[in-house]
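# Structural overview
One-letter residues, chain by chain:
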Amino acid sequence: MTQGIYISAMTPLSGKTLVALGLTDTMFKRTDALGFFRPVFDGTSPEEDSVLQLMKRTFDLPDSRCRGAVSLERCREILASGEHDDLDSAAMAVYSEMALECDVIVVDGTDLLAHNAVTAEFDLNARLANNMGCSVAAVIGAHESGRVKDVLNAIDVTRTELRQAGCDIYAVIVNRADPEQAEQIRREAKPGNHNLPAYVIPEIPAISNPTVAELVDAQGYGTDFNSASLDRDIKAVKVAAMTAGNFLDQMADGDLVITPGDRTDVVSATLASSLAPTLPVPAGMLLTGGFRPAGAVGSLLGAAPFPVLTTERDTFTTAQAVAGTRGTLAGAHSRKIAAARGAWAEHVDSDELSGRLTLPRPVRRTPLRFLHELVESARADRKRIVLPEGDDPRILRAAELIHRRNFCDLTVLGDPETVRSLAQSEGIELDFDADGLDLVDFQHDDALREKYADEYVRLRSHKGVSKGQALERMMDGSYFGTMMVQMGDVDGMVSGAAHTTANTIRPALEFVKTREGVNIVSSVFFMLLADRVLVYGDCAVNPNPDEQQLADIALASAQTAREFGVDPRVAMLSYSTGGSGSGEDVERVRAATDLVRAADPDFEVEGPIQYDAAVDASIARSKLPGSHVAGQATVFVFPDLNTGNNTYKAVQQSAGAVAVGPVLQGLRKPVNDLSRGCTVDDIVNTVAITAIQAQTL
């Protein structure tokens, strides 16, 4: 039977979308057939509703499982007329259709946009929840409550009103609480009738503060002055109504500066500040009064490292409009989504919350589910990963997303001035004074260089390495980062966005070395197909492995698969299946298979075997009847690098599979390589994988 959870806002501007995102995230990893439904959608069609599109995008939901019923405009007409049957019937019809293919449906109720319609909308949401048979997750916005007592009273009143309306209460969630009061609210809130806690999520400025882009969308300001990115968080608003010198003393990083366009002194001073390494850089500048600086000042502003907006309105009116503009999650960029998911994971016990429902366990592993599980597994036992390439904007953007999602700690290597300048120019928010995020100036930190060089000399003395050579080696980010891993100052390293595989692996081979009982370092790719995860090895490291090396790759690949939730059934691939062929290459695979079986008689392995027999049950019955691996293999060991590398790329491009990796295996401590063509998502995924490896090494 389909289970529905109805999210109902109990106060205006409660930040309900964060709860909808977090709750959908919680349910997504616990059921294969998840639905998201908005009885009342914004716009003329569901395709225009930003929340529906957010959920569709984030959780890869098909149209049939992400739907709306009636438009907000029509809903308001119904509320005004008092005739509810049309809305109730339309909502129930869509919900019933979705229930035919969904195990769980998260229903996102109305947003209480009109203060004078709070009672009518509460009645509407309660009635719809009851008609659909949904339990209610009530969201209380605490941002306007000055006292803890008021929030605690709102929790009690909410439970009373929902019970009087005949609703089954699934959860009460206080959102946008004062961060200094959140813990007290959590501690003093009474449990419900079922002795279940109320959850409290503090106000998250990274979400509630608008970006420059959101401000432009909301107010229609001009953006033609320069081409700087609008994807920047506004941390505060400063109206420049004093002399330039005094104003600079008040400005801070991330401020939106509002000033009349003819105040060239303020404009010039703000621009100069943004170009000085020790002075603040604004999120943007908004020029009021319809004035546009001309001449040299205009030319300089055209090249400013921050967006310059324009408006015809006066400064006072503009400041009022900006103050009333709030950030949203719907339609937001990945940085706000990451912050929201991180806040939910930190303040809500997803296991306890989902345990309130009896949910069917998922049987399929889609790419989105696998990648989601990576992050959750990394978060379960937090580790610190070093990123040596702090001068690459992809690395910094990935670091921002990882820090916001809050699933592991990071150390970034690089020149502080270069890193901060690059981050500012790219609109990347990285606070290296925050917990869990460090910046190390590895080329100028003499104490660490000395420490690591001494250890390098000790480990490489048999190669005649001198102290001077060791100090020179530690000027290389890959060597420095790998030595951080070796000495336990971090738990793992991810590198290679701007360097070759050899540059990343060489230091690890020199002094991290392989685990006991492992002879070679190898790699695997996780191939994420539409409904399952396969493991391919070795596709990145060993060109022509011999029989012993193939056996090592098989054993290591199976262990890696197991660590990431893939039940290993290993196919030792060849151009021949069973005893049907012969030749040096076939015999090498056959010998490798025998070595694997000798190492562990219970190991599920088959070889030599062709790829079709390994994956297709009907072909397997014909070629290898009775095999426990043929037709259902999950781990594929290729006979050489040429075959493996070409095969994974062919499957990736032709079958639309997502390739995650390469993931290095066999080292005593985790070091992983990136492709120089990697995306930000690739980096985030590889960091999560490295953190998970660190949990077991």
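Treat the numbers as computed from the prediction; the structure is a model and nothing was measured.

This part covers the overall build of the chain. The secondary structure content of the chain amounts to 28 helices and 22 strands. Scaling as 2.2 N^0.38, a compact globule of 697 residues should have a C-alpha radius of gyration of about 26 Å, and the chain matches this with 29 Å. Its C-alpha atoms give the chain principal-axis dimensions of about 80 × 65 × 45 Å. The proportion of buried residues among the 697 residues of the chain is 55%. In the chain, the proportion of contacts linking residues at least 24 apart, taken out of those at least 6 apart, comes to 74%. Counting 65 positive and 96 negative side-chain charges, the chain places the centres of these two groups 2 Å from one another.

This next bit is on the sheet that holds strand β11 (residues 308-310). In spatial order, the strands read β8-β9-β10-β11; together these four strands make up an open sheet with parallel pairing. At either end of the open sheet lies a strand with only one pairing partner, and these are β8 (236-239) and β11. On average, adjacent strands in this sheet sit at an angle of 20 degrees to one another, irrespective of strand direction. Taken together, the four bridges between β8 and strand β9 (residues 255-260) define a ladder with parallel strand orientation. Pairing of Lys 238 across the sheet is with Val 257, part of β9. The sheet contacts of helix α13 (residues 315-323) involve β8, β9 and β10 (284-288), and relative to β9 the element is tilted by about 160 degrees.

Attention now moves to the packing of helix α17 (residues 393-405) against helix α18 (residues 416-426). Relative to each other, α17 and α18 sit at 75 degrees, their axes nearing to 10 Å. As the angle between them shows, α17 and α18 are arranged roughly perpendicular. Residue-level inspection shows Pro 393, Leu 396 and Arg 397 of α17 in contact with α18, the latter providing Val 419, Leu 422, Ala 423 and Glu 426. Looking at the contact of α17 with α18 residue by residue, the class counts come to five nonpolar, no polar and two charged.

Glancing now at the packing of aromatic side chains. According to the stated counting rule, one finds 13 aromatic pairs in the structure shown. Aromatic side chains Phe 37 and Tyr 95 sit 6.4 Å apart centroid to centroid with 45 degrees between the ring planes, which places their arrangement in the tilted category. Placement of Phe 37 in strand β2 (residues 34-41) and of Tyr 95 in helix α4 (residues 85-99) is noted, with a sequence separation of 58 residues between them. The buried category is assigned to Phe 37, whose relative accessible area is 0%. Relative accessible area serves as the criterion here: at 5%, Tyr 95 is assigned to the buried category. Ring geometry for Phe 442 and Phe 480: centres 5.6 Å apart, planes at 55 degrees, overall tilted. Here Phe 480 lies in helix α21 (residues 477-486) and Phe 442 lies in the loop between β14 (437-440) and α19 (446-460), a separation of 38 residues in the sequence. On the accessibility criterion, Phe 442 (9% relative accessible area) is buried. By way of ring pairs, the aromatic residues Tyr 536, Tyr 611, Phe 636 and Phe 638 are connected into one cluster.

As a further point, take unusual backbone geometry. Residue Pro 608 is bonded to the preceding Gly 607 through a cis peptide linkage, with omega at -5 degrees. Positive phi is not limited to glycine here, since Asp 60 has a value of about 55 degrees. Positive phi outside glycine occurs at Asn 406, with the angle close to 65 degrees. Take Asn 406: its relative accessible area is 23%, and that puts it in the partly exposed class.

Further remarks concern α21. Of all ten residues in α21, ten are buried, a share of seventy percent or more. Backbone geometry just after α21 places Gly 488 at a positive phi near 80 degrees.

So, on to the nonpolar core. Of all hydrophobic cores here, the largest spans 63 residues; its most connected members are Phe 407, Leu 410, Phe 526, Val 570, Met 572 and Val 687. Sorting elements by how many residues they give to this core places helix α28 (residues 680-696) first, with eight residues. Two domains each provide a minimum of three residues to this core, namely domain 3 (379-513 + 679-689) and domain 4 (517-666). If near-sequence neighbours (up to four positions away) are discounted, Met 572 is found in contact with Leu 550, Ala 554, Val 589, Ala 592, Thr 593, Val 605, Glu 606, Gly 607, Pro 608, Ile 609 and Val 637.

This part takes up the sheet that holds β14. Sheet architecture is open: five strands sit in the order β14-β13-β12-β15-β22, paired in parallel fashion. Each edge of the sheet is formed by a strand with only one pairing partner; in this case those strands are β14 and β22 (671-673). Direction aside, the axes of adjacent strands within the sheet are offset by 20 degrees on average. By the bridge criterion, four bridges tie strand β12 (residues 384-387) to strand β13 (residues 409-413) in an arrangement that is parallel. The partner of Leu 387 across the bridge, within β13, is Val 412. Packing against the sheet, helix α22 (residues 501-512) makes contact with β15 (492-495) and β22, and its axis sits at approximately 165 degrees to β22.

By the secondary structure assignment, Gly 166 is in the loop between α6 (148-164) and β6 (169-177). A residue is classified by how much of its surface remains accessible, and Gly 166, at 54% relative accessible area, is exposed.

Calculation notes
Residues numbered from 1 in each chain as written. Predicted model: local features only at pLDDT ≥ 70, side-chain atom pairs only at ≥ 80, totals over all residues. Heavy atoms only, no water. Helix = DSSP H or I, 4+ residues; strand = E, 2+ residues; numbered from the N terminus. Rg over C-alpha atoms; globule rule 2.2 N^0.38 Å. Buried < 20%, exposed > 50% of the residue type's maximum accessible area, 1.4 Å probe, protein only. Contact = heavy atoms within 4.5 Å. Lys, Arg positive; Asp, Glu negative; His and termini not counted. Charge placed at Lys NZ, Arg CZ, Asp CG, Glu CD. Pairing = 2+ DSSP bridges. Axes fitted to C-alpha atoms, helices over the stretch in contact; angles between N-to-C directions. Parallel < 35°, antiparallel > 145°, perpendicular 65-115°, else oblique. Nonpolar A, V, L, I, M, F, W, Y, C, P; charged D, E, K, R; others polar. Phe/Tyr/Trp six-rings, centres within 6.5 Å; stacked < 30°, edge-to-face > 60°. Core = buried A, V, L, I, M, F, W, Y, C linked by side-chain atoms within 4.5 Å. Domains from an automatic or database assignment.

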